[in-house]
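Here is how the chains run, residue by residue.
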Amino acid sequence: MSDTILSLRHLAKRFGSTVPADDFSIDIRQGEFFTMLGPSGSGKSTILRMIAGLEQADSGSILIDGKDMTHTPPWKRHLGMVFQQYANFPHMTVAGNVGYGLRRLPLSASEARARVLELLELVGLGGFEGRRVAQLSGGEQQRVAIARALAPRPTILLLDEPLSALDEKIRREMQIELRAIQKRTATTFVYVTHDQEEALTMSDRVAVLNGGRYIQCDAPKAIFQHPRTAFVARFFRGCNVLEARITPREGGGHVEVAEASVFVPGPLPARLSGSVAIRGETIGLRHAPRPDTLHLTATVGQIVYRGLYTSYDLCLADGQRLTAMQAGAEEIKEGEVVTISVAVKDVVLLEQD
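Read on for an overview of the structure. Note that this is a predicted model, so its numbers are computed, not measured.

## Concerning the packing of aromatic side chains
No. 1: One pass over the structure, following the stated rule, counts seven aromatic pairs.
No. 2: Considering the side-chain rings of Phe33 and Tyr191, the 5.7 Å spacing of their centres and the 40° angle between planes classify their relative orientation as tilted. With a gap of 158 residues between them, Phe33 in strand 3 (residues 33-37) and Tyr191 in strand 8 (residues 188-193) connect regions that are remote in the sequence. Like Phe33, the residue Tyr191 is buried in the burial classification.
No. 3: A connected cluster of aromatic rings, assembled from ring pairs, spans Phe224, Phe231, Phe235 and Phe236.
No. 4: Seen from the ring of Phe128, Arg131 lies directly overhead, with NZ or CZ sitting 4.0 Å from the centre.

## Here's the deal with the state of the cysteines
No. 1: Applying the stated rule across the entire model yields zero disulfides.
No. 2: Free of any disulfide, Cys239 has its nearest neighbouring cysteine sulfur in Cys217, separated by 18 Å.
No. 3: Its relative accessible area of 14% is what places Cys239 among the buried residues.
No. 4: Free of any disulfide, Cys315 has its nearest cysteine sulfur in Cys239, 19 Å distant.

## Describing the nonpolar core
No. 1: Formed by 32 residues in total, the largest nonpolar core has its most connected members in Val98, Leu150, Leu178 and Phe189.
No. 2: Mapped onto this core, the elements with two or more residues apiece are helix 2 (94-99), helix 3 (109-122), helix 4 (138-150), strand 7 (156-160), helix 5 (168-185) and strand 8.
No. 3: The leading source of residues in this core is helix 4, at six residues.
No. 4: Residues contacting Val98, with those up to four places away along its chain left out, are Val116, Leu119, Leu120, Val144, Ala147, Arg148 and Ala151.
No. 5: Core analysis: the second largest hydrophobic core is formed by 28 residues, Val255, Val264, Val300 and Tyr312 among them.

## Description of the sheet that holds strand 14 (residues 260-265)
Across a sheet, strands are paired by hydrogen bonds formed along the backbone, either parallel or antiparallel in direction.
No. 1: Spatially, three strands are ordered 12-13-14 in an open sheet, and the strand pairing comes out antiparallel. One side of each edge strand has no neighbouring strand; the edge strands of this open sheet are strand 12 (245-249) and strand 14. The average undirected angle you get between the axes of adjacent strands in this sheet is 20°.
No. 2: Pairing between strand 12 and strand 13 (residues 252-257): five bridges, direction antiparallel.

## Quick notes on the environment of Asp318
No. 1: Within the secondary structure layout, Asp318 lies in the loop between strand 18 (310-316) and strand 19 (321-326).
No. 2: A relative accessible area of 42% means that Asp318 is categorised as partly exposed.
No. 3: When the C-alpha atoms of Asp318 and Thr297 are compared, they prove to be 9.9 Å apart, with 21 residues separating the residues in sequence.

## Things to note about the layout of surface pockets
It is the rolling of a water-molecule-sized probe over the atoms that shows where space remains empty.
No. 1: Counted as a void, the largest pocket has a volume near 770 Å³.
No. 2: Listing elements by their share of the lining of the largest pocket, those giving two or more residues are strand 6 (79-82) and helix 4.
No. 3: Along the lines of polarity and charge, the residues of the lining of the largest pocket split into 16 nonpolar, three polar and four charged.
No. 4: When its volume is computed, the second largest pocket comes out at roughly 510 Å³.
No. 5: For the second largest pocket, the lining is made up of 18 residues, of which Arg172, Gln196, Glu197, Arg237 and Tyr309 are closest to its centre.
No. 6: Of all the secondary structure elements, the ones that give two or more residues to the lining of the second largest pocket are helix 5, helix 6 (196-202) and strand 19.
No. 7: Looking at which element gives the most residues to the lining of the second largest pocket, the answer is helix 5, with four residues.
No. 8: Residues that form the lining of the second largest pocket fall into these classes: six nonpolar, three polar and nine charged.

## Quick look at the pattern of salt bridges
No. 1: Inspection of every chain in the model, using the stated rule, returns 17 salt bridges.
No. 2: Taking the shortest distance from any N to any O, the salt bridge between Arg172 and Glu168 comes out at 3.2 Å. With Arg172 and Glu168 both in helix 5 and four residues apart, the pair spans about one turn of that helix.
No. 3: The class of Glu168 is partly exposed, set by a relative accessible area of 46%.
No. 4: The residue Arg171 makes a salt bridge to Asp195 at a minimum N-O spacing of 4.0 Å. In this pair, Arg171 is assigned in helix 5 and Asp195 in the loop between strand 8 and helix 6, connecting sequence segments 24 residues apart.
No. 5: Through salt bridges that share partners, Arg29, Glu32 and Arg205 make up one connected network.

## Here we look at the sheet that holds strand 8
No. 1: An order of 6-7-8-3-9-10 is seen for the six strands of this open sheet, with the pairing classed as mixed. On the outer flanks of this sheet lie strand 6 and strand 10 (213-218), each paired with one strand and no other. Averaged over neighbouring strand pairs, the angle between their axes works out to 20° when direction is ignored.
No. 2: Bridge count for strand 3 against strand 9 (residues 205-210) is four bridges, and the pairing is parallel. Residue pairing across strands places Met36 opposite Ala207, the latter belonging to strand 9.
No. 3: Along the sheet face, helix 5 touches strand 3, strand 7 and strand 8 and points at about 155° away from the line of strand 8.

## Quick word on the pairing of strand 1 (residues 4-15)
No. 1: Summarising the sheet, strand 1 and strand 2 (residues 18-29) pair through seven bridges and their orientation is antiparallel. Residue pairing in the sheet places Phe15 in a bridge with Thr18 of strand 2.
No. 2: Hairpin geometry of strand 1 and strand 2 is characterised by an intervening segment of two residues between the two adjacent antiparallel strands and by a positive phi of about 65° at Gly16.
No. 3: The pairing of strand 1 with strand 4 (residues 59-64) spans five bridges and is classified as antiparallel. Within strand 4, the position partnered with Ser7 by the bridge is Leu63.

So, how was this worked out
Residue numbers here run from 1 along each chain, matching the order of that chain's written sequence. Whole-chain, interface and lining totals are the exception, using all residues; otherwise, since this is a predicted model, local features are given only for residues with pLDDT of at least 70 and side-chain atom pairs are given and counted only at 80 or more. Computation of side-chain values: all heavy atoms of the structure, hydrogens and water removed. Ring pairs are drawn from Phe, Tyr and Trp, using the six-membered ring of Trp, whenever the two centres fall within 6.5 Å, and their geometry is named by plane angle: stacked under 30 degrees, edge-to-face over 60, tilted for the rest. Think of it this way: any DSSP run of H or I at least four residues long counts as a helix, any run of E at least two long counts as a strand, and we number them from the N terminus. Throughout this description, buried means an accessible area under 20% of the type-specific maximum (1.4 Å probe, protein chains only), exposed means over 50%, and partly exposed covers the range between. Definition used: whenever NZ (Lys) or CZ (Arg) falls within 6 Å of the ring centre and also within 35 degrees of the ring normal, the charge is taken to sit over that ring. Note on terminology: disulfide denotes any pair of cysteine sulfur atoms within 2.5 Å. To define a nonpolar core, start from buried Ala, Val, Leu, Ile, Met, Phe, Trp, Tyr and Cys residues and group those joined through side-chain atoms within 4.5 Å. Any two residues having at least one pair of non-hydrogen atoms within 4.5 Å are treated as being in contact. Strand pairing is assigned whenever DSSP detects at least two bridges linking the two strands. Only the contacting stretch of a helix is used when fitting its axis, a line to C-alpha atoms as for every element, and angles between N-to-C directions run 0 to 180 degrees. Cavities and pockets are found on a 1 Å grid laid over the protein atoms alone: a cavity is a set of points where a 1.4 Å probe fits but cannot escape, a pocket is an open set with protein on both sides within 12 Å along at least five of seven lines, and a lining residue has an atom within 4 Å of such a point. Grid points are joined across faces, edges and corners, and a volume is the space filled by probe spheres set on the points. Gly counts as polar in this scheme, as do all residues outside two lists: the nonpolar Ala, Val, Leu, Ile, Met, Phe, Trp, Tyr, Cys and Pro, and the charged Asp, Glu, Lys and Arg. Salt bridges, as used here, are contacts in which a Lys or Arg side-chain nitrogen is within 4 Å of a carboxyl oxygen on Asp or Glu.

Now the structure itself:
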């Protein structure tokens with residue numbers, strides 16, 4: 001029996017020359033924290049709104065728990081939604097906000113109150129039920145919005161960049177708490193963000209979108225360490241994309257970058273792009289040559305101390321540039337010529353975008 005709770009099949013949507021959904025198909029599993037990640041205009045919010053029924057697809061279908069809901073009105077889809085700007089009722093108490101969605105359910109007053117108190121405990125607002133929403137901080141207001149959306153026990157909770165209005169400290173705390181809430185309730189979360197850290201921190205799977213399609217859908221670690229294309233690689237901070245000459249060989253590919261070459265074992269992409277991805281933290285500075293390692297000569301450019309790490313702008317012999325990231329600070333000066341090294345396992349062969 002399939003554990004798929006949401007199926008999007010060949011969704012298409014166009015606004016003039018803008019195409020936020022272009023034959024978009026994907027399956028999302030029951031109890032999964034699924035994130036759509038991408039730049040502005042990639043289509044992620046429009047696709048979320050089509051799932052919610054707030055936008056109508058030009059073509060394609062939306063199946064929720066095996067039922068075609070493509071033309072079903074929003075209030076009959078049994079979905080919850082959390083918006084970027086909270087959308088709480090300022091004239092109501094916290095309890096009034098959380099309990100608002102329970103009015104349409106066949107619950108007694110005592111049952112509804114018990115559900116409200118249960119949700120407030122879940123989101124860390126126990127004892128706040130009598131307060132006015134206007135008296136709360138931004139983080140607390142967003143917790144109210146999450147509790148309100150969860151109160152009717154929706155089949156799926158949709159979240160459209162709900163943490164983007166919060167300051168960095170609160171946003172980081174809420175990332176961990178949202179993930180904990182999702183695990184405790186076992187509710188399927190479909191989350192939209194342009195923030196790579198949010199996606200990696202919270203998700204079971206991440207789909208990177210561009211131009212109304214997803215370029216790669218994978219577990220956070222896999223998508224971070226093994227991007228499929230240059231677009232995905234560049235989307236994650238600290239990843240370098242270098243032009244390379246790649247010659248297929250039995251069991252892998254022979255890779256030439258600048259003056260160096262190395263054999264990279266493993267399956268090759270179906271459509272080689274002629275480029276490789278190398279994460280900055282995998283680059284060693286002043287390392288002695290070792291087998292199964294790509295060695296390059298580079299001139300050190302700008303050096304920037306960033307707290308947890310120091311970044312080194314490097315220029316290769318052929319003029320290509322990349323950035324190395326090292327914990328602490330090496331005794332290296334700008335303008336120095338160094339030998340850098342990258343283990344073969346950290347050289348990722350990319351396919352065409």
